[in-house]
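# Breakdown of the fold
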Amino acid sequence: DGGITQSPKYLFRKEGQNVTLSCEQNLNHDAMYWYRQDPGQGLRLIYYSQIVNDFQKGDIAEGYSVSREKKESFPLTVTSAQKNPTAFYLCASSWDRGSQPQHFGDGTRLSIL
Amino acid sequence: AQKITQTQPGMFVQEKEAVTLDCTYDTSDQSYGLFWYKQPSSGEMIFLIYQGSYDEQNATEGRYSLNFQKARKSANLVISASQLGDSAMYFCAMREYTSGATNKLIFGTGTLLAVQP
């Protein structure tokens with residue numbers, strides 16, 4: 001079955017530690033995205049990539065980094081510079097055509113120890 | 001500036017009744033798309049329905065329909081014959097097509113729907 005796989009489902013970070021969230025898709029989509037969701041709020045865009053080896057900052061990119069070395073993979077690193085990383089992180093992908101919906105993974109819940 | 005507003009933080013509906021979830025948007029673009037997503041308590045985002053700004057007919061997908069009023073900049077989601085499994089958070093989102101980032105989605109803050117038996 002085609003879809004988006006995020007791992008791990010739950011992640012704990014210690015102070016000063018970088019952690020990496022995995023996102024893999026087998027839908028052959030061109031574009032991939034990372035969103036952050038805080039309790040009771042909508043999704044905010046962290047980074048997005050419309051093509052391999054290229055990505056752009058979203059609205060809240062500070063303290064995060066990404067790479068897009070393969071079409072199917074778009075990992076997100078939460079660095080120690082992100083002072084409030086506790087949130088639910090969602091990865092999405094879509095065709096690079098405007099009317100096509102974004103398809104989402106099941107999310108990773110990150111907490112601070 | 002582009003913005004999505006969902007003014008209903010939470011709603012109740014009786015099973016088998018219809019319910020309307022409100023969404024208004026703000027954009028200066030003439031070409032844009034509106035999306036509705038459902039987020040159950042498990043967390044995944046499920047795409048429900050899409051409406052393009054130039055679509056003349058209101059979108060429908062099974063029990064979901066979109067009441068699109070372009071002049072009022074509203075795109076309300078109507079769920080007919082509510083089921084217990086419809087209990088979830090619902091998000092309205094917009095994508096502008098004439099700005100640089102053509103795939104960027106802006107989300108509202110969501111409406112929590114509870115279907116009562």
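This part takes up the interface of chain A and chain B. Listed per partner, the contact involves 26 residues of chain A and 21 residues of chain B. On inspection of chain A and its partner chain B, the count reaches one salt bridge. Summed over the shared surface of chain A and chain B, the number is four residue pairs in polar contact (both at pLDDT 80 or more). Where the side of chain A that touches chain B is concerned, the elements lending two or more residues are β4 (31-37), β5 (43-51) and β9 (87-94) of chain A. Tallied by class, residues from the side of chain A that touches chain B come to eleven nonpolar, eleven polar and four charged.

Scanning the entire structure with this criterion turns up two disulfides over all chains. Between the sulfur atoms of C23(A) and its disulfide mate C91(A) the distance is 1.9 Å. Disulfide C23(A)-C91(A): the torsion about the S-S bond is -75°, which places it as left-handed. Of this pair, C23(A) sits in strand β3 (residues 19-25) while C91(A) sits in strand β9, and the two are 68 residues apart along the sequence. Across this residue pair, the class does not change: C23(A) and C91(A) are buried. Across the disulfide from C23(B) sits C92(B); the S-S distance is 2.0 Å. As the torsion about the S-S bond is roughly -60°, the C23(B)-C92(B) disulfide counts as left-handed. Taken together, the positions of C23(B) in the loop between β3 (19-21) and β4 (24-26) and C92(B) in strand β10 (residues 88-96) put the pair 69 residues apart, joining distant regions of the chain.

With that settled, the discussion passes to the side chain of R68(A). Residue and element names in this part refer to chain A. Of note, R68 is situated in the loop between β7 (64-66) and β8 (76-78). Buried and unpaired, R68 has D30 as its nearest opposite-charge partner, separated by 6.8 Å. Here the side chain of R68 touches D30 through a polar contact of 3.0 Å, landing on its backbone oxygen.

In this model, S7(A) is joined to P8(A) through a cis peptide bond whose omega is -5°. Mapped onto the elements, P8(A) comes out in the loop between β1 (4-7) and β2 (10-13). Positive phi outside glycine occurs at K73(B), with the angle close to 55°. By the secondary structure assignment, K73(B) is in the loop between β8 (64-69) and β9 (74-79). Its relative accessible area of 30% is what places K73(B) among the partly exposed residues.

What follows is about the pattern of salt bridges. Counted according to the given criterion, the structure contains six salt bridges over all chains. R36(A) is paired through a salt bridge with D38(A); the nearest N and O atoms lie 3.0 Å apart. R63(B) is the salt-bridge partner of D86(B), the closest N and O atoms lying 2.8 Å from each other. A residue pair is termed long-range when its members are at least 10 positions apart, and D86(B) in the loop between β9 and β10 and R63(B) in the loop between β7 (60-61) and β8 qualify at 23 residues. For D86(B), a relative accessible area of 2% puts it in the buried group. The class for R63(B) is partly exposed, based on a relative accessible area of 24%.

Turning our eyes to something else, we now look at a nonpolar patch on the surface. Together, Y10(A), F12(A) and L113(A) make up a nonpolar patch on the protein surface, roughly 390 Å² of accessible area in all. By the element assignment, L113(A) lies in the segment after β11 (108-112).

The subject of this paragraph is the sheet that holds β3(A). All names here are of chain A. Read from one edge of the open sheet, four strands run β1-β3-β8-β7, paired in antiparallel fashion. Looking at strand neighbours, the two that pair on one side only are β1 and β7, the edges of this open sheet. Neighbour-to-neighbour, the strand axes of this sheet turn through a mean angle of 20°, independent of strand direction. Strand direction decides the pairing type here: β3 and β8, joined by three bridges, are antiparallel. Considered in β8, the bridge of V19 is made with V78.

The rules behind each value
Residues numbered from 1 in each chain as written. Chains lettered and ligands numbered in written order. Predicted model: local features only at pLDDT ≥ 70, side-chain atom pairs only at ≥ 80, totals over all residues. Heavy atoms only, no water. Contact = heavy atoms within 4.5 Å. Salt bridge = Lys/Arg side-chain N within 4 Å of Asp/Glu carboxyl O. Polar contact = N/O pair within 3.5 Å; in protein donor to acceptor, adjacent residues only side chain to side chain. Helix = DSSP H or I, 4+ residues; strand = E, 2+ residues; numbered from the N terminus. Nonpolar A, V, L, I, M, F, W, Y, C, P; charged D, E, K, R; others polar. Disulfide = S-S within 2.5 Å. Buried < 20%, exposed > 50% of the residue type's maximum accessible area, 1.4 Å probe, protein only. Lys, Arg positive; Asp, Glu negative; His and termini not counted. Patch = residues over 30% accessible without salt bridge, like charges linked within 9 Å, V, L, I, M, F, W, Y side chains within 5 Å. Areas by Shrake-Rupley, 256 points an atom, 1.4 Å probe, with all protein chains shown as cover. Pairing = 2+ DSSP bridges. Axes fitted to C-alpha atoms, helices over the stretch in contact; angles between N-to-C directions.

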